[in-house]
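Coordinates in review
Listed below are the residues making up each chain.
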Amino acid sequence: MSGLLIWPNLCLTQPCVDVPLKSDPEAEVAGLDSTEYQNLLDECAAKSRQLSGLGVAAPQIGFNRRFFVLTFPGQDPMPVINPEVVSMSGPLFEREEGCLSIPGAWIKVPRYEEVRARWFDRNGAGVEMILAGLQAWAFQHEMDHLNGKLIVEHMPSAKRNVLRQQLINYKNRNGNTR
């Protein structure tokens, strides 16, 4: 299992493209039905659990595709492929939020209390669900990853620049090239 990308890796700031639901052998395109994608979903779930996270998105493992896996304690992993937000509602709350790709940083981020979204599960079946509370919070965080957004965008630029240098130093000390 490879490590997660650490910001300021540019792969984390690129918008992702949709996952093809079906493989096309003639075009040499792997789809959700391929072993490759199924293994990537398993890798995201395992990495999230290993690091005590609530989810891992494809860009965090260096894959520019629209999927993530949510992992809530006591529940099976929830793969989310090609998600779309239908609506967001309820009050907008601001609380400190961390990110596995930005180790040690806790940043205040505003999020909606409730999200109605649709996506495909790991078998390609459509899902539509209303998520609330912590699930809604985690869903919005992972959606940001798919759109190339990170929680550091909610920091003043001077603090963001200091954090960027700290993480570059961290990566250099630990031999992390990701």
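In what follows, the accompanying structure is described.

Calculation criteria
- Residues numbered from 1 in each chain as written.
- Predicted model: local features only at pLDDT ≥ 70, side-chain atom pairs only at ≥ 80, totals over all residues.
- Heavy atoms only, no water.
- Pairing = 2+ DSSP bridges.
- Helix = DSSP H or I, 4+ residues; strand = E, 2+ residues; numbered from the N terminus.
- Axes fitted to C-alpha atoms, helices over the stretch in contact; angles between N-to-C directions.
- Contact = heavy atoms within 4.5 Å.
- Expected span 1.5 Å × (residues − 1).
- Buried < 20%, exposed > 50% of the residue type's maximum accessible area, 1.4 Å probe, protein only.
- Salt bridge = Lys/Arg side-chain N within 4 Å of Asp/Glu carboxyl O.
- Polar contact = N/O pair within 3.5 Å; in protein donor to acceptor, adjacent residues only side chain to side chain.
- 1 Å grid on protein atoms, 1.4 Å probe; cavity = no way out; pocket = protein on both sides within 12 Å on 5 of 7 lines; lining within 4 Å.
- Points joined across faces, edges and corners; volume = space filled by probe spheres on them.
- Nonpolar A, V, L, I, M, F, W, Y, C, P; charged D, E, K, R; others polar.

Ordered in space as E1-E2-E3-E4-E5, the five strands form an open sheet in which the pairing is antiparallel. Looking at strand neighbours, the two that pair on one side only are strand E1 (55–57) and strand E5 (126–132), the edges of this open sheet. The mean inter-strand angle of the sheet, taken between neighbouring strand axes irrespective of direction, is 35 degrees. Sheet topology note: the strand E4 (residues 107–120)/E5 ladder contains seven bridges and is antiparallel. Across the sheet, the residue bridging to Glu114 is Ala132, located in E5. Across the sheet, helix H1 (residues 35–50) is in contact with E1, strand E2 (67–70) and strand E3 (78–97); its angle to E2 comes to roughly 40 degrees.

Next up on the list: H1. A rise of 1.5 Å per residue sets the reference length of H1, with its 16 residues, at 22 Å; its end C-alpha atoms lie 22 Å apart and thus fit the reference within 8%. All of the buried residues in H1 are Tyr37, Gln38, Leu40, Leu41, Glu43, Cys44, Ala45, Lys47 and Ser48. Following H1 by one or two positions, Ser52 adopts a phi angle in the positive range, close to 55 degrees.

Bringing the pattern of salt bridges into the picture now. This model, assessed by the stated rule, comprises seven salt bridges. For Arg111, the salt bridge goes to Asp144, with nearest N and O atoms at 2.7 Å. Here Asp144 lies in helix H2 (residues 134–146) and Arg111 lies in strand E4, a separation of 33 residues in the sequence. Several salt bridges share partner residues, and in doing so they unite Glu84, Arg116, Arg118 and Glu128 into one network.

This part takes up the side chain of Ser34. Of note, Ser34 is situated in the segment before H1. At 2.7 Å, the side chain of Ser34 forms a polar contact with the backbone oxygen of Gly31. Of the polar contacts made by the side chain of Ser34, one reaches the backbone nitrogen of Tyr37; its length is 3.3 Å.

Strand direction decides the pairing type here: E2 and E3, joined by four bridges, are antiparallel. Bridge pairing in E3 links Phe68 to Val80.

Attention now moves to the layout of surface pockets. Each pocket or cavity is described by its volume, and for the largest pocket that value is around 390 Å³. Of all the secondary-structure elements, those providing two or more residues to the lining of the largest pocket are E3 and H2. A total of six residues in the lining of the largest pocket trace back to one element, the largest contributor, which is H2. Grouping the amino acids of the lining of the largest pocket by side-chain chemistry returns eleven nonpolar, eight polar and four charged. Space inside the second largest pocket adds up to approximately 260 Å³. Met88, Arg111, Gln140, Asp144 and Lys149 are the residues nearest the centre of the second largest pocket, which is lined by 14 residues in total. Among the secondary structure elements, those contributing two or more residues to the lining of the second largest pocket are E3, E4 and H2. Residue classes in the lining of the second largest pocket are distributed as seven nonpolar, three polar and four charged.

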